[in-house]
Amino acid sequence: MEKDGDKLPAEMAVEKFKYSEKNEQLVKKSFWSKTRKFAGKIPFTKDAVAMYYCAIDAKTPLWAKGIAFGALAYFISPIDAIPDALIGLGLTDDAAIIAAGVRAIAGQVTEEHRQKSEEFFEKE
């Protein structure tokens, strides 16, 4: 078992994400436009898309939806620790949050979610 001192700040942050209808609505409204903007340009977009499909899956437990929607809301929010407009640095905090979110709900992101993510990128 990891001690909190061994965790990265992003890992500790995502563990605190609780389900929020506000985050769910924000993600459902804005996720695809931001994802299309960055698709193929940043390495974590496939993970973000798989996490999205996990979040909207009716079989996903509420605690995992909270983490997924929280991480994805952080990704699409224009207000975050490092503004996305800063070339080279702007998406590093987003990447850390997405990676921590994927790690936190790894058992909930299924092969079906990953396959849907792959299909999204094949269409792009």
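Residues numbered from 1 in each chain as written. Predicted model: local features only at pLDDT ≥ 70, side-chain atom pairs only at ≥ 80, totals over all residues. Heavy atoms only, no water.

The record held by UniProt for the protein lists under Subcellular location (unreviewed entry) the comment "Endomembrane system". (UniProt positions renumbered as here; feature names shortened; annotations may be inferred.)

Participant: Which residues make up the nonpolar core, and what are the values?
Facilitator: Of all hydrophobic cores here, the largest spans 31 residues; its most connected members are Val 27, Phe 31, Leu 72, Ile 98 and Ile 105. Elements that contribute at least two residues to this core include exactly helix 2 (21–38), helix 3 (45–56), helix 4 (62–76), helix 5 (92–104) and helix 6 (111–123). When near neighbours in sequence (up to four residues on either side) are disregarded, Ile 98 contacts Phe 44, Asp 47, Ala 48, Met 51, Ala 71, Leu 72 and Phe 75. (Core = buried A, V, L, I, M, F, W, Y, C linked by side-chain atoms within 4.5 Å. Buried < 20%, exposed > 50% of the residue type's maximum accessible area, 1.4 Å probe, protein only. Helix = DSSP H or I, 4+ residues; strand = E, 2+ residues; numbered from the N terminus. Contact = heavy atoms within 4.5 Å.)

Participant: So what's going on with the environment of Lys 16? Which residues, and what values?
Facilitator: With respect to the helices and strands, the residue Lys 16 is situated in the loop between helix 1 (9–15) and helix 2. Sequence separation between Lys 16 and Gly 66 is 50 residues, and the spatial gap between their C-alpha atoms is 9.0 Å.

Participant: A description of helix 5 should follow, citing residues and the corresponding values.
Facilitator: Taking 1.5 Å per residue, 13 residues should reach 18 Å; helix 5 reaches 18 Å between its end C-alpha atoms and fits that length. What helix 5 keeps buried is the set Asp 93, Asp 94, Ile 97, Ile 98, Ala 100 and Gly 101. For helix 5, the arc enclosing every buried residue in end-on projection is 165 degrees, short of the 170-degree limit, so these residues lie on one face. (Expected span 1.5 Å × (residues − 1). Arc of directions from axis to C-beta.)

Participant: With reference to specific residues and values, describe the packing of aromatic side chains.
Facilitator: Per the stated rule, a full pass over the model turns up 9 aromatic pairs. Arranged with centres 5.1 Å apart and planes meeting at 70 degrees, the rings of Trp 32 and Tyr 52 form a pair that is edge-to-face. Placement of Trp 32 in helix 2 and of Tyr 52 in helix 3 is noted, with a sequence separation of 20 residues between them. With respect to burial, Trp 32 and Tyr 52 carry one shared label: buried. Ring geometry for Tyr 52 versus Tyr 53: centroids 5.7 Å apart, planes at 75 degrees, classification edge-to-face. Chaining the aromatic ring pairs together yields one cluster made of Phe 31, Trp 32, Phe 44, Tyr 52, Tyr 53, Phe 75, Phe 120 and Phe 121. Note that Lys 34 overlies the ring of Phe 75, its terminal NZ or CZ placed 5.1 Å from the centroid. Lying across the ring of Phe 121, Lys 46 places its NZ or CZ 5.7 Å from the centre. (Phe/Tyr/Trp six-rings, centres within 6.5 Å; stacked < 30°, edge-to-face > 60°. Lys NZ or Arg CZ within 6 Å of the ring centre and 35° of its normal.)

Participant: Let's hear about the environment of Ala 13: which residues, and what values?
Facilitator: Summarising the element assignment, Ala 13 is placed in helix 1. Residues Ala 13 and Ala 100, 87 residues apart in the sequence, show an inter-C-alpha distance of 8.5 Å.

Participant: I'd like to hear about the packing of helix 3 against helix 4, residue by residue, with values.
Facilitator: The interhelical angle for the contact between helix 3 and helix 4, taken along N-to-C directions, is 135 degrees, at an axis separation of 9 Å. In terms of orientation, helix 3 lies oblique with respect to helix 4. Of the two possible hands of crossing, helix 3 and helix 4 adopt the one that is left-handed. Between helix 3 and helix 4, the residues in contact are Ala 48, Met 51, Tyr 52, Ala 55 and Ile 56 and Lys 65, Ala 68, Phe 69, Ala 71 and Leu 72, respectively. Among the residues forming the contact of helix 3 with helix 4, the class breakdown is 9 nonpolar, no polar and 1 charged. (Axes fitted to C-alpha atoms, helices over the stretch in contact; angles between N-to-C directions. Parallel < 35°, antiparallel > 145°, perpendicular 65-115°, else oblique. Left-handed = near helix turned anticlockwise from the far one by under 90°. Nonpolar A, V, L, I, M, F, W, Y, C, P; charged D, E, K, R; others polar.)

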